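Analysis of the macromolecular model
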Amino acid sequence: MACLVALGAAAVVYMWWHDTAPADVQGAGAWLTAAGRVTGLVGTYLVVVEVLLMARVPWLDRLIGMDRLAVWHRRNGEYAISLLVAHALLIIWGYAVTAHQGVVGEAKTVVLSYPDMLAATVGLGLLVLVGVLSARALRRRVAYHTWYFVHLYVYIALALSFAHQFATGVDFATHPLNRLLWGLMYAVVAALLIGYRVAAPLAKMARHRFVVAATVPEGPGVVSVYVTGRDLGRLRAEAGQFFMWRFLTPDGWWQAHPFSLSAAPNGNWLRLTAKALGDHSASLAHVRPGTKVILEGPYGAFTRHRRRKRKVLMVGAGIGITPLRSLMEALPARPGDLTLIYRASGASQVALRAELDQLAARRQAQVHYLLGPRWQHPEYLSPGHLARLCPDIAKRDVFVCGPAGFTQAVSESLRRLKVPARQVHTESFEL
Amino acid sequence: MRRALIATMGTAAGLVALLGYKSSGPATAHRVVLGPVGTTSPVPAQGGQAGPATSGSAPTAKAGPAPTRSAPAASAPAAAGTSAPTTTPARRSFVGQLVQYFYGDIQVEVTMQGSRIVSITVPQNGAADARSQMINSYAVPILEQEALAAQGLNFNAVTGATFTSDAFAQSLQSALQAAGK
């Protein structure tokens, strides 16, 4: 996928290369302008890729996984917006040098008198706003719904900046074929976005009529929500997967959140188990039975299809236990094949303990609880400790789910224990 | 932070390499590109006035419809002047075809004295937008001077004004053909 994106970028650069004569890049002004053109083309292309990454296309999800897509989305977004800022500055600077004008005066001319440039400038401003609010440093201080709604500005920004490309872009103004291909790129991504994020979930809701059956408190700050509907078997959901859940309550209908299935799908109900991490998870406890639900999914490749060995080790932390709990129920296994290691900061933080113990007894699986604050037990995730808990670890598939720092630490230990990378399957739930 | 640094440096290096490689292409300085002026190239009318071309075409710039306005008549101050030595040939003006290109249209007028070009002017210099106008206002005087200095078409295009340069040269070519040069 990364190769495909790079290939597309190369094609975009080639388009510029093909349309540009050596004479067009002589002198300082022409160099700056040409650099501005290339950064503009590639930056715009990457913004469109950015939308594609979040279009929840099923084959992208299977290929890459939503969690990694989200990481790519963040990095690619930062880069794309930087390129577009560079594009604007370089073009203005280049024009100013070519026309022997001051930069400020030239900026004014470009923005105010060139066709569609005012709209494009507003669009760039919106993109920068989204970028700044999503920067890691600021992201934690911004309320989820602010961040969410500001992200919708990206679509406005894309629409506003579209016209200036064809009106003033040399590569498009004089080349109908480029115009066609560029327009096609926008159209395909828009179709995927609308198809998978709007049409498909609505069609699923009409068909399955998802509705909340019950909410059950599981412990301090942890709640399970049971959802029923028609024909749930046809969803083809699997243990280890997740849905985007949109509860149609008066104040929560506009946001969809990812939660793993915390029990293997059984045709009668689906269940999520959430911890009160943010405003939304906290409000789940108050969702009334009978509330309608829109589900997007199932997503995720954290399933039995990843399995390569007979024996399986599952390592989870905190609320990351939920997909492992489903896998523990559903993975085909003989007695002794399954082992679960569950890291939590205290006994009260262990979710679904009764169920886990029950499952362990029924399937003759081993469960190790690693409890206590991290500073007291720095050795918990060390290679030596993991090997002691699970001596044949290198011959097992290892499913790891938890916060990013945790999955990283476990992955590092597994590498040192020489567990082949293809046997290690991670999912981190920071979408 | 390190990743940002690498991305920035990498992008800058890539751009410089790309532009450097592009700019050192086959021709370091763009010569104006000229196509055939067309079968009905301007012929000097009576009084040394160039007739407009009707179907000029070139690969880079398309010749526009024939200009309808009549070209300014030859300004021949020397014709009746007694002060002018009789050996000095009369000045004759030739108007090139009106060339339309993507960013505007342009028409060149040359004034000849014998086989020498004594002046090159641009009576028609339309621009499609503000930027093109600004570029032309800067590029056209340079083109006039360069073409005059070169006494013909052997001059370089103005950087950043490739389209204007090509159109200018095309119109100039048709005017020179009309002048029989």
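Along each chain, the written sequence defines residue order, and numbers are assigned to residues from 1. Here the convention is simple: chains get letters from A, ligands get numbers from 1, in the order in which they are written. Predicted model: local features are reported for residues with pLDDT of at least 70 only, side-chain atom pairs are reported and counted for 80 or more only, and whole-chain, interface and lining totals are derived from all residues. Calculated side-chain values reflect all of the structure's heavy atoms, with hydrogen atoms and water omitted.

Side note on the overall build of chain A
Under the convention used in this document: Secondary structure is summarised from DSSP: a helix means a run of H or I of at least four residues, a strand means a run of E of at least two, and numbering begins at the N terminus for each. Each residue's exposure class comes from its accessible area (1.4 Å probe, protein chains only) as a fraction of the maximum for that residue type: buried when under 20%, exposed when over 50%, partly exposed otherwise. Here, two residues are considered to be in contact whenever any of their heavy atoms come within 4.5 Å of each other. The Shrake-Rupley method, run with a 1.4 Å probe, gives the accessible areas here. Residue values count only the displayed protein chains as cover.
Secondary structure assignment for chain A yields 15 helices and 11 strands. Out of the 431 residues belonging to chain A, those deemed buried represent 50%. Within chain A, counting contacts between residues at least 6 apart in sequence, those at least 24 apart form 72% of the total. Just so you have it, chain A exposes about 20,000 Å², and 62% of that area is on carbon and sulfur atoms.

Describing the packing of helix H1 (residues 2–19) of chain A against helix H2 (residues 28–53) of chain A
Residue and element names in this part refer to chain A. Put simply, the test is: Fitted lines through C-alpha atoms give the axes, limited to the stretch in contact for helices. The angle between two N-to-C directions lies from 0 to 180 degrees. Two helices cross in a left-handed way if the nearer one is turned anticlockwise from the farther one by less than a right angle. They cross in a right-handed way if the turn is clockwise. Think of it as three bins: nonpolar holds Ala, Val, Leu, Ile, Met, Phe, Trp, Tyr, Cys and Pro, charged holds Asp, Glu, Lys and Arg, and polar takes everything else, Gly as well.
For the pair H1 and H2, the least separation of the axes is 10 Å and the interaxial angle reads 145°. Where H1 crosses over H2, the two elements pack in a sense that is right-handed. Residue-level contacts link Leu4, Val5, Gly8, Ala9, Val12, Val13, Met15 and Trp16 of H1 to Ala34, Arg37, Val38, Leu41, Val42, Tyr45, Leu46 and Val49 of H2. For the contact of H1 with H2, the class distribution of residues is 14 nonpolar, 1 polar and 1 charged.

Looking at the interface of chain B and chain A
Applied cut-off: Summed over both partners, buried area is the accessible surface (1.4 Å probe) that two parts give up on being assembled. Should a side-chain nitrogen of Lys or Arg be within 4 Å of a carboxyl oxygen of Asp or Glu, the pair is scored as a salt bridge. Definition of a polar contact: a pair of N or O atoms within 3.5 Å, with one able to donate and the other able to accept a hydrogen when the atoms are protein atoms, and with sequence-neighbouring residues admitted only if both atoms are side-chain atoms.
If you look at the interface, chain B gives 25 residues, while chain A gives 31 residues. At the boundary of chain B with chain A, total buried surface from both sides reaches about 2,600 Å², with 72% on carbon and sulfur atoms. Ranking the residues of chain B by area buried against chain A places Leu19, Lys22 and Arg131 of chain B at the top, with a combined share of 28%. The interface formed by chain B and chain A contains 0 salt bridges. Between chain B and chain A we count 5 residue pairs in polar contact (both at pLDDT 80 or more) in total.

Examining the side chain of aspartate 61 of chain A
Residues and elements named next belong to chain A. Here is the rule: The convention is simple: Lys and Arg are positive, Asp and Glu are negative, and His and the chain ends are not counted.
Relative to the elements of secondary structure, aspartate 61 occurs in helix H3 (residues 58–64). Here aspartate 61 is buried and forms no salt bridge, its nearest opposite-charge partner arginine 62 lying at an N-O distance of 6.2 Å. At 2.8 Å, the side chain of aspartate 61 forms a polar contact with the backbone nitrogen of glycine 300. Setting aside its immediate chain neighbours within four residues, aspartate 61 contacts Met66, Leu69, Pro298, Tyr299 and Gly300.

Remarks on the sheet that holds strand S11 (residues 424–428) of chain A
All names here are of chain A. We count it as follows: Here, strands pair whenever DSSP counts at least two bridges between them.
Read from one edge of the open sheet, 5 strands run S9-S8-S7-S10-S11, paired in parallel fashion. Sheet topology places strand S9 (366–371) and S11 at the edges, where each strand pairs with a single neighbour. Shown here is a sheet whose adjacent strand axes are inclined to one another by a mean of 10°, direction ignored. Pairing of strand S10 (residues 397–402) with S11, which is carried by 5 bridges, proceeds in the parallel orientation. Across the sheet, valine 398 pairs through a bridge with valine 424, a residue of S11. Sheet strands in contact with helix H15 (residues 404–416) are strand S7 (312–317), strand S8 (338–344), S10 and S11, and its direction is about 155° off that of S10.

Topic: the side chain of threonine 11 of chain B
Note that threonine 11 of chain B resides in helix H1 (residues 2–23). Residue threonine 11 of chain B is classed as buried on the basis of its relative accessible area of 19%. Those residues in contact with threonine 11 of chain B that lie beyond four places of it in its chain are Tyr79 and Leu83 of chain A.

Some details on the nonpolar core
This is how it is decided: Each nonpolar core is a collection of buried residues, namely Ala, Val, Leu, Ile, Met, Phe, Trp, Tyr and Cys, held together in the definition by side-chain atoms within 4.5 Å. Where a domain begins and ends is set by an automatic assignment or by a domain database.
Counting residues in each nonpolar core, the largest one holds 55 residues, and the members touching the most others are Leu41, Tyr45, Leu46, Leu127 and Trp182 of chain A. Tallying contributions element by element places H2 of chain A first for this core, with 14 residues. Summarising the domain contributions, this core has at least three residues from each of domain 1 (2–199) and domain 2 (209–299) of chain A. The contacts of leucine 46 of chain A, once residues within four sequence positions are left out, are Val5, Asn76, Tyr79, Ala80 and Leu83 of chain A. Counting residues in hydrophobic clusters, the runner-up holds 28 residues, among them Val140, Ala169, Ala175 and Leu176 of chain B.

A few points about the sheet that holds strand S1 (residues 211–219) of chain A
All names here are of chain A. Reading across the sheet, the 3 strands line up as S1-S2-S5 and stay open at both edges, with antiparallel pairing between neighbours. Lying at the two open borders of the sheet, with one neighbouring strand each, are S1 and strand S5 (269–275). Pairwise comparison of adjacent strand axes, ignoring direction, gives a mean angle of 20° for this sheet. Note that strand S2 (residues 222–228) and S5 share 7 bridges and pair antiparallel. Across the sheet, the residue bridging to valine 223 is alanine 274, located in S5.

Quick notes on the pairing of S7 of chain A
Residue and element names in this part refer to chain A. Put simply, the rule is: Assignment of crossover handedness uses the view with strands pointing away from the viewer, where a clockwise path from the first strand over the helix to the second indicates a right-handed crossover.
Extensive coverage of S7 is indicated by the burial of 6 of its 6 residues. With burial as the criterion, each face of S7 is covered, one bearing Val312, Met314 and Gly316 and the other bearing Leu313, Val315 and Ala317. The pairing of S7 with S8 spans 6 bridges and is classified as parallel. Among the inter-strand pairings, methionine 314 is bridged to a residue of S8, identified as leucine 340. Running through helix H12 (residues 321–330), the crossover from S7 to the neighbouring parallel element S8 is right-handed.

So, helix H5 (residues 103–113) of chain A
Selection rule: Each C-beta atom gives one direction from the helix axis, and the arc is the one those directions make.
Those residues of H5 of chain A that fall on the buried side of the exposure criterion are Glu106, Val110 and Val111 of chain A. The buried residues of H5 of chain A occupy one face: seen down the axis, they fall within an arc of 125°. Facing away from the buried surface of H5 of chain A by more than 90 degrees, the exposed residues are Val104, Lys108 and Leu112 of chain A. Looking at the buried residues of H5 of chain A, the elements they touch are helix H4 (66–99) and helix H6 (117–134) of chain A together with helix H2 (130–150) of chain B.

A short note on the pairing of strand S3 (residues 242–247) of chain A
Residues and elements named next belong to chain A. With 6 of 6 residues buried, S3 lies mostly within the body of the structure. Every second residue of S3 is oriented toward a common face, with Phe242, Met244 and Arg246 on one face and Phe243, Trp245 and Phe247 on the other, all of them buried. Bridging between S3 and strand S4 (residues 257–260) involves 4 bridges; their strand directions are antiparallel. Pairing of phenylalanine 242 across the sheet is with serine 260, part of S4.

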